[in-house]
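# Structure at a glance
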Amino acid sequence: MDVLEPARVSEWATRDCLGIRVVTPFRGMLGKRNELLDELIAWLAGQGIDDVGPFFLRLHVIDMSGPMDLEVGVLTPTALAGDARVKPSTLPAGRYATLTYRNHSLRANRALLEWAAAEGLTLDRHETAAGDVFGCRYEAYRTDPRTEPRKTKWEVELGIRIAD
């Protein structure tokens, strides 16, 4: 894993986005992410929308031994209309624990979680029977997947909202 920007706290305003939200098993989750990215990119092109970015993977509920509730989306400069499949949403405002890396998502996530714990930060999450529910946990792809297909080359910003 290449750390491009070390773990830190970032403050974010509410950010508008469009996305496709699904529940899928942890195994094969990244394949599903890739399918949804392709679908979203094609939808945006079909709508004539190109002033967007970055694309992201948002993890709403994590159960690494069961289903994952996730959203593949893209930030938009303003709120835009979607449809039955691609829906408008927001990434909520707040303080976020963030880390920017290239390659090895699991290692980067572990590093950010360990840093947040060492800093005494309480993350916006709670446990349920369905898994760990997050107020907002995402991986924003600073590298545009439309121009760089090699995922190991992508610059990725992890973000996990800190509890108020």
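This report concerns the structure included in the present document. Note that the coordinates shown come from a computational prediction; the quantities given were computed from them, not determined experimentally.

Each value, and the rule that gives it
- Residues numbered from 1 in each chain as written.
- Predicted model: local features only at pLDDT ≥ 70, side-chain atom pairs only at ≥ 80, totals over all residues.
- Heavy atoms only, no water.
- Helix = DSSP H or I, 4+ residues; strand = E, 2+ residues; numbered from the N terminus.
- Contact = heavy atoms within 4.5 Å.
- Buried < 20%, exposed > 50% of the residue type's maximum accessible area, 1.4 Å probe, protein only.
- Lys, Arg positive; Asp, Glu negative; His and termini not counted.
- Salt bridge = Lys/Arg side-chain N within 4 Å of Asp/Glu carboxyl O.

Below, the discussion takes up the environment of M64. Inspection of the secondary structure puts M64 in the loop between strand 3 (55–62) and strand 4 (67–75). Between the C-alpha atom of M64 and that of P92, which follows or precedes it by 28 residues, the distance is 24 Å. Those residues in contact with M64 that sit more than four places away from it in its chain are F26 and L106.

Here R15 lies in strand 2 (residues 15–25). Buried charge without a salt bridge: R15, with E157 as the nearest opposite-charge side chain at an N-O distance of 4.7 Å. Excluding residues within four positions of it along the chain, R15 makes contact with L75, S89, T90, L91, Y96 and Y138.

Here the focus is unusual backbone geometry. Peptide bonds are mostly trans, and most non-glycine residues show a negative phi. Residue P54 is reached from G53 by a cis peptide bond, and omega for that bond is 0°. Relative to the assigned elements, P54 resides in the loop between helix 1 (29–47) and strand 3. Its identity as a non-glycine residue notwithstanding, N103 has a phi of 75°, on the positive side. Here N103 is to be found in the loop between strand 6 (94–102) and helix 2 (105–118). Here N103 falls in the partly exposed class, since its relative accessible area comes to 28%.

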